[in-house]
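# Residue-level structure breakdown
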Protein chains: 2
Amino acid sequence: MYNAESIEQLVDEFSSLPGIGRKSAHRLAMHILKLPKQEVLNIAEALVNVKEKIKYCAVCWNFTEESPCKICSNAQRNHSIICVVEDPNDVIAIEKTHEYKGMYHVLGDALSPLDGIGPEDLKIKELLQRMDGSFQEIILAMNSSIEGEATTIYLSKLLKPLGVKVTRLARGIPIGSDLEFTDQATLVRALEARVEV
Amino acid sequence: MYNAESIEQLVDEFSSLPGIGRKSAHRLAMHILKLPKQEVLNIAEALVNVKEKIKYCAVCWNFTEESPCKICSNAQRNHSIICVVEDPNDVIAIEKTHEYKGMYHVLGDALSPLDGIGPEDLKIKELLQRMDGSFQEIILAMNSSIEGEATTIYLSKLLKPLGVKVTRLARGIPIGSDLEFTDQATLVRALEARVEV
């Protein structure tokens, strides 16, 4: 302990965050010491605020300040289509495209038996409760990982018997990439799903 | 704005910190959302604490919770030798060696006319005020940069007339490094300062 106690404590707190090692934590603490007091209070307030204000939307399970969230309560959006994603970040990624104007459902994670994540750990029960016949299409937008794939298969088996159209995101060559450097699994998918021009 | 407002605000605060870009800030905010509330309160408290408790030691100008600091008020340390450094971090680096048991003086920065940092911006006046004849040796431990070098020369010209022994850190080959990859300036210094074995 070469630092004053309160500096040491701040360094400890910073280095407990993901991607911040001991050295970066120390650099951040030194930066904080040099900041005007009001700015440090702002950071502290933003931290407390986010924990106090943010909750899960009771409909789609995305992060929100008011429940139901702005997307679920937006009458201008298409309430007959629903996009199922793993994570709140996926909602942001899709919203950024400005292409999709339907509803969402955030599972919270993907099925991963090895990590002990089963169907009861995801918001699947809550998804099925929303299936009151008002949806015409369900888009399964899982990550392109083994866990995402397993979740897609699991959900499609559950949802298809309900008589609703179940779709998934297209797999293929990402825009801007070279065929030469595209992995074989992606190339196989792209060949299988080839379309007439 | 695809996030709830309070998340967006936290992302803004995080990305204002050095070395944290927009993506890392977002990852950190998501981590904060998943933390137990008490842990987030701890981080916020550590931030506020550090600003409220930490001040400069009125003797050596290092960061401290009580003034004079633990080093200045430690009777077991050698009060007849003083090590002048640029930054509080340099005190920590030297303390970690367990080699030096004297006093310190933190200048706050190094002379850098191009950045508008002159002698009056450093704690040089305060250093001269400490020169009451009680010190037998002053070690100038500036960084090995152009600014550090300028500061060393400036201080030695000020201090030598006071009749006190002024020393500086040895320059040479760092331990564990290859001669092949050592820069020429360092090699020249190491040759000049060669010692008999």
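The shown structure was predicted, so the numbers you read here are calculated from the model rather than taken from an experiment.

## Observations regarding the nonpolar core
Among the nonpolar cores identified, the biggest contains 42 residues, and A:Ile7, A:Ile32, A:Leu47, B:Ile7, B:Ile32 and B:Leu47 are the most heavily contacted of them. Residues within four places of B:Ile7 in sequence aside, it is in contact with A:Val50, A:Ile54, A:Phe63, B:Ala29, B:Met30 and B:Leu33.

## Observations regarding the sheet that holds strand 5 (residues 137-140) of chain B
Residue and element names in this part refer to chain B. Pairing is parallel across the open sheet formed by four strands, whose spatial order is 4-3-5-6. The two strands at the open ends of the sheet, each matched to only one other strand, are strand 4 (103-106) and strand 6 (165-168). Sheet twist, expressed as the mean angle between neighbouring strand axes with direction ignored, is 25°. Of the strand pairs in this sheet, strand 3 (residues 81-85) and strand 5 are connected by four bridges, and their pairing is parallel. Counterpart to Ile81 in the pairing with strand 5 is Glu137. In the packing of helix 4 (residues 88-95) onto the sheet, contacts are made with strand 3 and strand 4, and the angle to strand 4 comes to roughly 155°.

## Quick word on the relation of the copies chain B and chain A
Between the two copies, chain B and chain A, the superposition gives an RMSD of 0.2 Å; the rotation angle is 179° and the shift along the axis is 0.1 Å. Here the symmetry operator amounts to a two-fold rotation axis. Relative to the rotation axis, the C-alpha of B:Ala44 is the closest in chain B, positioned 2.2 Å from it. Counting the interface residues of chain B, we find that 98% of their copies in chain A are interface residues as well, pointing to one common contact surface.

## Some remarks on the domain arrangement of chain A
Segmentation of chain A into domains returns domain 1 (5-53) and domain 2 (63-196). Inter-centroid distance (C-alpha atoms) of domain 1 of chain A to domain 2 of chain A is 36 Å.

## Thoughts on a nonpolar patch on the surface
Together, B:Leu128, B:Tyr154, B:Leu158 and B:Leu162 make up a nonpolar patch on the protein surface, roughly 310 Å² of accessible area in all. Examined against the element boundaries, B:Tyr154 turns out to sit in helix 6 (residues 146-159).

## Describing the sheet that holds strand 6 (residues 165-168) of chain A
Residue and element names in this part refer to chain A. Strand order in the open sheet formed by four strands is 4-3-5-6, and the pairing between neighbours is parallel. Two strands close off the open sheet at either side, each with one partner strand: strand 4 (103-106) and strand 6. Within the sheet, the average angular offset between the axes of one strand and its neighbour, ignoring direction, is 25°. As paired strands, strand 3 (residues 81-85) and strand 4 are joined by four bridges and run parallel to one another. For Ile82, the partnering residue across the bridge sits in strand 4 and is Met103. Packed onto the sheet, helix 6 (residues 146-159) meets strand 3, strand 5 (137-140) and strand 6 and runs at close to 165° relative to strand 5.

## Comments concerning the packing of helix 3 (residues 37-53) of chain A against helix 1 (residues 5-15) of chain B
At a minimum axis distance of 9 Å, the contact between helix 3 of chain A and helix 1 of chain B shows a crossing angle of 145°. For the pair helix 3 of chain A and helix 1 of chain B, the sense of crossing is left-handed. Residues A:Glu39, A:Asn42, A:Ile43, A:Ala46, A:Leu47, A:Val50 and A:Lys53 of helix 3 of chain A form the contact with helix 1 of chain B, whose participating residues are B:Ser6, B:Ile7, B:Leu10, B:Glu13 and B:Phe14. Looking at the contact of helix 3 of chain A with helix 1 of chain B, its residues break down into seven nonpolar, two polar and three charged.

## Overview of the interface of chain B and chain A
Reports of interface size often rely on the accessible area that becomes lost once the parts have come together. Listed per partner, the contact involves 48 residues of chain B and 47 residues of chain A. Where chain B abuts chain A, roughly 4,500 Å² becomes buried across the two surfaces, and 75% of that area is made up of carbon and sulfur atoms. One salt bridge in this structure joins A:Lys37 and B:Glu52, with 3.6 Å as the shortest N-O distance. At the boundary of chain B and chain A, one finds ten residue pairs in polar contact (both at pLDDT 80 or more). Put simply, the parts of the chain that give the side of chain B that touches chain A at least two residues each are helix 1, helix 2 (22-34), helix 3 (37-53), strand 2 (63-64) and helix 4 of chain B. For the side of chain B that touches chain A, the residue count by class is 25 nonpolar, ten polar and 13 charged.

## Comments concerning the pattern of salt bridges
All names here are of chain A. Under the definition given, this model contains 13 salt bridges over all chains. Its salt-bridge partner being Arg22, residue Asp12 comes within 2.9 Å of it at the nearest N-O pair. Taken as a pair, Asp12 in helix 1 (residues 5-15) and Arg22 in helix 2 (residues 22-34) lie far apart in primary sequence, ten residues in all. According to the relative accessible area criterion, Asp12 is partly exposed, its value standing at 40%. Arg22 sits in the partly exposed class, given a relative accessible area of 42%. Of the charged contacts, one joins Glu149 and Arg171 as a salt bridge, the two residues approaching to 3.3 Å between their closest N and O atoms. Of this pair, Glu149 sits in helix 6 while Arg171 sits in the loop between strand 6 and helix 7 (184-192), and the two are 22 residues apart along the sequence. For Glu149, a relative accessible area of 21% gives the class partly exposed. Classification of Arg171 by relative accessible area gives partly exposed; the value is 26%.

Criteria and thresholds
Residues numbered from 1 in each chain as written. Chains lettered and ligands numbered in written order. Predicted model: local features only at pLDDT ≥ 70, side-chain atom pairs only at ≥ 80, totals over all residues. Heavy atoms only, no water. Core = buried A, V, L, I, M, F, W, Y, C linked by side-chain atoms within 4.5 Å. Buried < 20%, exposed > 50% of the residue type's maximum accessible area, 1.4 Å probe, protein only. Contact = heavy atoms within 4.5 Å. Pairing = 2+ DSSP bridges. Helix = DSSP H or I, 4+ residues; strand = E, 2+ residues; numbered from the N terminus. Axes fitted to C-alpha atoms, helices over the stretch in contact; angles between N-to-C directions. Least-squares fit on C-alpha atoms with pLDDT ≥ 70 in both. Domains from an automatic or database assignment. Patch = residues over 30% accessible without salt bridge, like charges linked within 9 Å, V, L, I, M, F, W, Y side chains within 5 Å. Areas by Shrake-Rupley, 256 points an atom, 1.4 Å probe, with all protein chains shown as cover. Salt bridge = Lys/Arg side-chain N within 4 Å of Asp/Glu carboxyl O. Left-handed = near helix turned anticlockwise from the far one by under 90°. Nonpolar A, V, L, I, M, F, W, Y, C, P; charged D, E, K, R; others polar. Buried area = accessible area lost by both parts, 1.4 Å probe. Polar contact = N/O pair within 3.5 Å; in protein donor to acceptor, adjacent residues only side chain to side chain.

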